[in-house]
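Structure at a glance
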Amino acid sequence: MAAGLGTRADSTYLSDEAREALLVLMSDPDTDIRIAACLSVGAVGNGDLALTDAMAALLDHPERRVQLVGHLARAGGTGRGPGGGT
């Protein structure tokens, strides 16, 4: 099967470098970067415990927008509405 065309059950494998980068980005001071990282983690869906813990920490984030995206990403959503925006 062509790269990127697998099913959700195929679950994308993350290298150690990609995993560490996502963990750093999930704590970035820029809200939009944290949100993008959160959505990326939600899309991967590989059950990585460190990423799951980092996502759970964002659910208590002081900014409501980050909390909402965290909830959507954990539920398997994209965080994007019909028009493609958040």
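Since this is a predicted model, take the numbers as computed values, not measurements.

For the rest of this paragraph, the subject is the overall build of the protein. A count of helical and extended segments in the protein gives four helices and zero strands. Walking the protein from its N terminus toward its C terminus, one meets helices and strands in the order α-α-α-α. Relative to its full complement of 86 residues, the protein shows a buried share of 30%. Contacts in the protein between residues far apart in sequence, at least 24 positions, make up 55% of those at least 6 positions apart. Working note: accessible area of the protein is about 5500 Å², and carbon and sulfur atoms make up 57% of it.

It is worth spelling out the pattern of salt bridges at this point. Counted under the stated rule, the structure contains four salt bridges. Of the charged contacts, one joins Arg19 and Glu20 as a salt bridge, the two residues approaching to 2.9 Å between their closest N and O atoms. With a relative accessible area of 42%, Glu20 lands in the partly exposed category. Taken together, the shared-partner salt bridges connect Arg19, Glu20 and Asp48 into one network.

This brings us to helix α2 (residues 31–44). For α2, which comprises 14 residues, the first-to-last C-alpha distance of 20 Å matches the rise-based estimate of 20 Å (1.5 Å per residue) to within 8%. Of the residues making up α2, those classed as buried are Thr31, Arg34, Ile35, Ala37, Cys38, Leu39, Val41, Gly42 and Val44. On its buried face, α2 sits against α1 (16–25), α3 (49–58) and α4 (64–74). Its side-chain oxygen at 2.8 Å from the backbone nitrogen of Asp32, Asp30 defines the N-terminal cap of α2.

This brings us to the packing of α2 against α4. Helix packing geometry: the angle between the two helix axes and the distance between the axes. Packing of α2 against α4 brings their axes to within 9 Å, and their N-to-C directions diverge by 10°. Here α2 is positioned roughly parallel relative to α4, judged by the angle of their axes. From α2, Thr31, Asp32, Arg34, Ile35, Cys38, Leu39 and Gly42 reach across to α4, where they touch Arg65, Val66, Val69, Gly70 and Ala73.

Each value, and the rule that gives it
- Residues numbered from 1 in each chain as written.
- Predicted model: local features only at pLDDT ≥ 70, side-chain atom pairs only at ≥ 80, totals over all residues.
- Heavy atoms only, no water.
- Helix = DSSP H or I, 4+ residues; strand = E, 2+ residues; numbered from the N terminus.
- Buried < 20%, exposed > 50% of the residue type's maximum accessible area, 1.4 Å probe, protein only.
- Contact = heavy atoms within 4.5 Å.
- Areas by Shrake-Rupley, 256 points an atom, 1.4 Å probe, with all protein chains shown as cover.
- Salt bridge = Lys/Arg side-chain N within 4 Å of Asp/Glu carboxyl O.
- Expected span 1.5 Å × (residues − 1).
- Polar contact = N/O pair within 3.5 Å; in protein donor to acceptor, adjacent residues only side chain to side chain.
- Axes fitted to C-alpha atoms, helices over the stretch in contact; angles between N-to-C directions.
- Parallel < 35°, antiparallel > 145°, perpendicular 65-115°, else oblique.

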